[in-house]
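Here are the chains, one letter per residue:
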Amino acid sequence: MTIPATSCQVSKKHVLLSEILAVTSVMRKNSRWASGAHTLTARDSALARDLGLRRSTPSTDIQKNGRLSQEADLMGGFQQLKRTIWDVDDIQALPLPGLIGPFFALIRSPLSNGPITSAALSALHSFFVCNLISATSLSLEPTLVELSSTVSHCKFEASDSSGDEVVLLKIMTVIHDCIVTSSVGAFLGDVEICEMLETVLTTACQMRLSEILRRSAESTMVSIVRTIFGRLHTLNPTVEEARLLLNEEEPQHGEISMSVSTNITDADDSPLQAPEGVTSSTQQNAASLDDPERSAALEVEGPPQALSPPRPYGLPALLELLRVLVNILDPNDQVHTDSTRLTALGILNAAVETSGTVMGDYPSLSALILDPGCKYLFQLARSDNSSVLQAALRTITTVFQTMRKHLKLQQELYLAFSIDRLAAPPQLKPISSKKNNPTSPRPGTPATGTPILGPVDTELELDKGSPVPSRPPVQPARGDTRDLMLETLSQLCRHPSSMVDLYVNYDCDINCENLFERLIEFLTKGVYPWQYSSASDAQQLHSQYLCLDLLLAFVNDMTARAEGDFILPDSLMQDKSRKKLVLTGAARFNSKPKIGIAFLEENKLIYSDLSPEVSRTRSLAIFLKSCTRLDKRLLGDYISKPDNLELLKEFLGLFDFKDKPIADAMREILETFRLPGEAQQIARITETFASIYFASGPAEIKTEDAVYVLAYSVIMLNTDLHNPQIRKRMTIEDYQRNLRGVNDGTNFSPEYLQSIYDSIRKREIVMPEEHTGQLGFEYAWKELLARSRQSGPFLMCNSALFDLDMFKTVWKPLISAIAYAFISFDDDYVIQRAISGFRQCATLAGHFNLPDVFDFVVVSLSQATSLLSENLPTQVPNYPVVEVEGQSVTVSSLSVKFGTNFKGQLAAVVLFNIVNGNGNALREGWTQIFEMFQNLFMHSLLPTRMLQMEDFLGGVTMIPLRGGQHSRPASRSDGGLLSALSSYLMTPYGASSDNLVPEATDTEVESTMCTIDCITSCRLDELYAQTIQLDSEALVAAIRALEALAHERTITKWKQESDELTTAFNTSFAGDGTFTLPYDPASVFLLETMVSITCQTSRYIEDLWHVPILFEHLSALLSSSTHYSVLLIERAVVALLRLCLILAQKASHLSPHWPTLRDQVYVSLDLIAGLSPIVANSVAEQTVAGVTLILQNRDIVSSQTEWNLVFAALRSTTSHPEAARSTFDLVLSFVTDGQSQWMTPDNFNGLITILDEFANSAGQSIMVPQKGRRVPSQPPPNAPPIERGRRAIDILYDMKRFIAPFAESAGLQTGQAWRQYCLPLALSLGRQSTNPSRLVRHTAINQLQRLLLGPRFVYDENDHNQVEEIFNSIIFPLIDELLKPQVQQFDPQGISETRLRASALLCKAFMHFEVRENRTKSDIRILWIKILDLLDRLINAGKTEQLYEAVSESLKNVVLVMNAANILVPPSQEDQRDEHQRTLWTATQARLERFLPGFLTEVIPTPQLQLQHSTPIPDSTSAVPATAPSTA
């Protein structure tokens, strides 16, 4: 009981006299002091003594009863004290022992009863209050010694229990006054402190006392402990440790010892069990008689009178108290109950709270805490008594909070044990047997099974299934125990630096567990519900909240540290890396030693320290001995193999056996590996041990063989004494008899063998992996203490140096747990914390440049938004559109559902706020972002800016949500009315329901408005705008995500649906291109988004093209263009051309990738040129517009091949009415003089080709049959296709002016120029001379004639082959074509004129090329006969007078010219013709006679000759070579 120190306002003399009166008044109420005889006797004796008188001897009765004298002395003492102080003004001038001596005597006297003793104790309390007992009192030290002895040995007669307990309560008060309240406490010595503490502690632990008294004593004890342990902050640890050592050697003021007794009494004892040393007289006597030895042990020997006053108390007293408290905690000590331990835990906790931070500076105190303090505390942490468990956990927490740096391995043990108990148990068969689970010897005391020590890394158990020693299953904590342990764990790990400390001290220590990883793993799993838990929903939810809170605190602390730069310490990271390698190597060794050793050598974990002193074998032995992760059984088997004898010697040579008993030496080696079961292996180990141990020079052993026998005897003795199956144990005599004469023929001394026997009997040599129960715990604890001597202190550093590696290790389960909490929990505070956790994880991901983490955050949040749709339909339903505040709002299914999902809205806002501004940190997460965009687009919830598409024609338009007409017209049915009627009848009644729009309710509109507000808060348009600012890597990831989504909705979907059709109809028609996917607006949206972003980030076009994303997708679409809707293909073409335009513009920047990108332009153009005619026609306008823009960059085209690809793409546009006009204008600009002219040798032939295509298009317009007419009619000359065809012919002819400059610039020979330029031009005009269009046809013949007969026609006059090629390749095919009936069908009225012009061209060309004067002589017979045949066919084909006359006239001119040129010479009287002339004339005459009889004779008169029979006229068949064509 604590009394406040207040100043006394009355004199100390008054207080003393008042207390004397109060005490004597109570005494007189007792029968012993009821009369005054005792006082007079005492007074008479004193007076006689003072006057020198002799008193008569007291009567025999009085002598027989010494009690009367004692009673008189007690009362006389007070009377004498009053007389002494009566005349003294300042009683403080008197020695303090004289002033309070009578009170002490009364308190110690067994004659006193409870009320009297209580009054005397009250007086002492008053003396403290009024400062009569103070630091300035005379003879204070002896008084305090006396006071301590008095209150510790108070004796009084027992009366009623309540009154007696009042006495005990006042004793507590006086002790509290002396130590805590007054100023004299610092003058108490160690012995006095121990005496009083023993009194209070014993009172608090006496179970017979009332609860109130025990609690009061405990409160007093706690207050005193806080006071005395507070002195540790002011003491000098070095001085105090020296004083402690001195006191142990030579006690100066009595033995400093304490002990505590509880209610271990007989049943018939007094109902009052007073504290030790504070007893009633009857109890004291009984104690002395029953157990005099124990009674004497409880007394504290008083100091001899000759000694000097004791020094103020210090470390010795505190150490003794701590020792007593720790011993009480021993769960295996059956003397103390759980109640006693509970009291001791509270007191110990107070002591550690007060001075735990400095206890580590005192080796003696810290040694007690480390061992056995922590040992007992950890065992109590398994108690079934909830009160003991709570107190133990609180004390453990306090110890770790204050002494953490001294308890590295102890904390590892406790945290590992806590995680094991709190973690969800594996699905194992329940253990029904109770033999392996002995119950506790006392209620509430933990069973002997205790936490298993030793570093075990669970992650290694996954390494190829290696048999790593695993942690045995621990009984999981349940109910309140689980909550209590989890709260304690949370308290321990809530400090900002806790996780960093765990990582640095354990995860980076090769001999420790990965506690940080294990803790995070447990916490992340703890956020999820525990299926095996029998706890209530509230308890489970509380557990989940605690785990989440710890995780979020960890993230918050790391985020707070993530400011500024950091550099990872190389040494620590090397340790962490080495630890991973060692764990992997050990796991592989445990699986197969050879593989493990190879891995260790490969990673330089062994053999890297080789030197003259360290061989390969020794290096391996050092590793095997130091690695705690090896399977001990496998290790023992490995080193004892015959091949590894040298390794065994090196391994055992690492032990220091100097001055070590053989039992301890054997214990040491057998604790490092398990002894194999084969006798030869055991003998090999024993022989090697004997050799090495004997070399250390052990006492009493004469030979190495003696060591060998002794070693075997130790193994056998250990088995005999501790094997439960052996009933008759070996005695010391048996052991001595077995070893008789083995020490080089002599016996070992009995003392030597006795020491071995006792060592083994008291401490079993426990093989590794056999440590179970209490014995196993003792071994494990011993191992922990051994490791703690080498592990170093616990490092504490709230530093960001390690956050990167920590975060990289745990981010995935961490974010998953936060996401689960966000989705599953409904508590607003938890949701808010989870949101903060997401933000902080994203911040850390950006800070550490970990895009995978950022992606995972995005993925986790996106799943919580409900904006991801697994099956997004391709066709958008008809959603109602309403007007709200002047705004058109589409009420869709998503807008209604999302508007009511508040948590989804929260997730969306958090997600997009995180991504906004952090796009560069995103990689795979773009898939979820764009998937949500896609879903929002399909429900008309995206901002307008994101719904637009751009092209070369109409600028910006909106992406349609629904397709219009069918992309490709179906073939017209010839069924007429019946077909239409049947189609109508087969149409389902519900077909018209597609156009019905449901009405939206007010609730749906309200939900939609909530959705719109949420989408607005997400700032999607800002995020979309930020995509153009992305770095290269993030941009590529974004485009990849878009392409993946688009690919899934196009290529993949077509394959799936076509396969389904194939399977359903058991046919392959779906794969032949006839199956077409319906219009999908989402695929267009994804394509437009992908291209729009790419076009706006043209600086990265190289990266996007070199990664097969864009082109691969567009190529896949265009290569199978008939499988998809027209709009999608049109957008793909536009996209491809827009990208090609960017590539073309890059030419001026001289990009290092320019050659490759340049090639991509032409690959793209080739792809467009390869589109099917129907598809190409539908995208013709976009194509020509895009190509025109591309060609504005003239550097883009530099070769004939490239021009050919350009013109190939343009040729596909010539059949489209609008596109053809643009294309023609583009081509016209190439050949027209001016700045836009772009004629080169490379594009010459390409221009011929495309102009030829325009002329063909004019002819194709004739091919379309007109309604109601069987014969096609010629369109007017001003019709656009006809006009373009005619102009194309004119341009072709005009191109001849470029031939000479091109040939000259290239240095071409005439023949080369003819072949490269002239011949293609003439061929094109020749082909168009048969065009179905009359205007084009006639223009072509005219221009062909101008070309061939004109002055600029380039050809080699001396090369007759070229002339023949003109006829054989151009003119002859032209006339052959005109003679075909199908050609005549297109223009029956105009074909005669065409043939007429063709015949004229034929004759003129022949005369121009073959009948000129300067023409070299050549054989023209075959050519001439072909011409005659063609003229024959022309006359017979047309059978018109006009054609007949025209052909005859042309032929006449030719014949005359040939005659004039002396080529066609008629026979004469003197026939001087050569063979060619004769043959030519004969053949000509024969051919002409067939279709123009007499024509030749009429034109060239022939003189009449007398033909001799000897000179017959040759037949035409003989005159003309066999190769001449026959007459048609």
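Before any of the text, the structure's been laid out above.
In this report, we go over the structure that sits alongside the text. Each chain has its residues counted from 1, running along the sequence as written. A pLDDT threshold of at least 70 governs which residues receive local features in this predicted model, and a stricter bar of 80 or more applies before side-chain atom pairs are shown or counted, although totals over entire chains, interfaces and linings include all residues. Each side-chain value is worked out from all heavy atoms of the structure, with water and hydrogens disregarded.

## As for the pattern of salt bridges
Definition in use: Here a salt bridge means any side-chain nitrogen of Lys or Arg lying within 4 Å of a carboxyl oxygen belonging to Asp or Glu. Secondary structure is summarised from DSSP: a helix means a run of H or I of at least four residues, a strand means a run of E of at least two, and numbering begins at the N terminus for each. When a residue's accessible area, from a 1.4 Å probe over protein chains only, is under 20% of the maximum for its type it is buried; when over 50% it is exposed; and in between it is partly exposed.
Under the defined criterion, the tally for this structure stands at 45 salt bridges. Residue Lys903 pairs with Asp826 through a salt bridge whose shortest N-O separation is 3.6 Å. Within this pair, whereas Lys903 is found in helix 38 (residues 902-915), its partner Asp826 is found in the loop between helix 34 (803-824) and helix 35 (828-848), the two being separated by 77 residues in sequence. A salt bridge links Asp1290 to Arg1286, with the shortest nitrogen-to-oxygen separation between them at 2.7 Å. Of this pair, Asp1290 and Arg1286 are both found in helix 55 (residues 1280-1294), four residues apart, which corresponds to roughly one turn of the helix. Note on Asp1290: relative accessible area 24%, which makes it partly exposed. Judged by relative accessible area, Arg1286 falls into the partly exposed class, the value being 23%.

## A word on unusual backbone geometry
A cis amide bond, omega 15°, links Asp371 with the succeeding residue Pro372. With respect to the secondary-structure elements, Pro372 resides in helix 16 (residues 363-380). Of note, Asp659 is a non-glycine position whose phi angle comes to about 55°, a positive value. Residue position: Asp659 is located in the loop between helix 27 (645-653) and helix 28 (662-670). Its identity is not glycine, yet Glu700 carries a phi of approximately 75°, on the positive side. You can see Glu700 is positioned in the loop between helix 29 (679-695) and helix 30 (704-722). Glu700 gets classed as partly exposed once you look at its relative accessible area, which sits at 36%.

## As for the pairing of strand 3 (residues 881-884)
Defined as follows: By this definition, two strands are paired if DSSP reports at least two bridges between them.
As judged from the four bridges shared by strand 3 and strand 4 (residues 887-890), these two strands associate in the antiparallel manner. Across the sheet, Glu883 pairs through a bridge with Ser888, a residue of strand 4. Once strand 3 ends, the chain turns through two residues before running back antiparallel as strand 4, passing Glu885 with a positive phi of about 55°.

## Digging into the nonpolar core
Short version of the rule: Here the nonpolar core consists of buried residues drawn from Ala, Val, Leu, Ile, Met, Phe, Trp, Tyr and Cys, with membership extended through side-chain atoms lying within 4.5 Å. The criterion used for residue contact is that any of the two residues' heavy atoms lie within 4.5 Å.
Counting residues in each nonpolar core, the largest one holds 392 residues, and the members touching the most others are Phe103, Ile929, Met1295 and Phe1367. When residues no more than four places from it in sequence are discounted, the contact partners of Phe103 are Leu16, Glu19, Ile20, Val23, Phe78, Leu81, Ala120, Ala123, Leu124 and Phe127.

## Remarks on the state of the cysteines
Worth spelling out the cut-off: Criterion for a disulfide: a pair of cysteine sulfur atoms at a distance within 2.5 Å.
Evaluation of the coordinates by the stated rule reveals zero disulfides. Summary of cysteine pairing: Cys1014 is not part of a disulfide, and the nearest cysteine sulfur, belonging to Cys1018, is at 4.3 Å.

## Focus on the side chain of Ser713
With respect to the element layout, Ser713 can be found in helix 30. Setting aside anything within four residues of it in sequence, one finds Ser713 in contact with Tyr735 and Leu739.

## Concerning helix 29
Here is the rule we go by: Here a helix's expected span is defined as the number of its residues, less one, multiplied by 1.5 Å.
For helix 29, spanning 17 residues, the distance from its first C-alpha to its last is 24 Å, which sits close to the expected 24 Å at 1.5 Å a residue. Gln681, Ile682, Ala683, Arg684, Ile685, Thr686, Thr688, Phe689, Ala690, Ile692 and Tyr693 are the residues of helix 29 that are buried. In this fold, the buried residues of helix 29 make contact with helix 26 (632-639), helix 27, helix 28 and helix 30.

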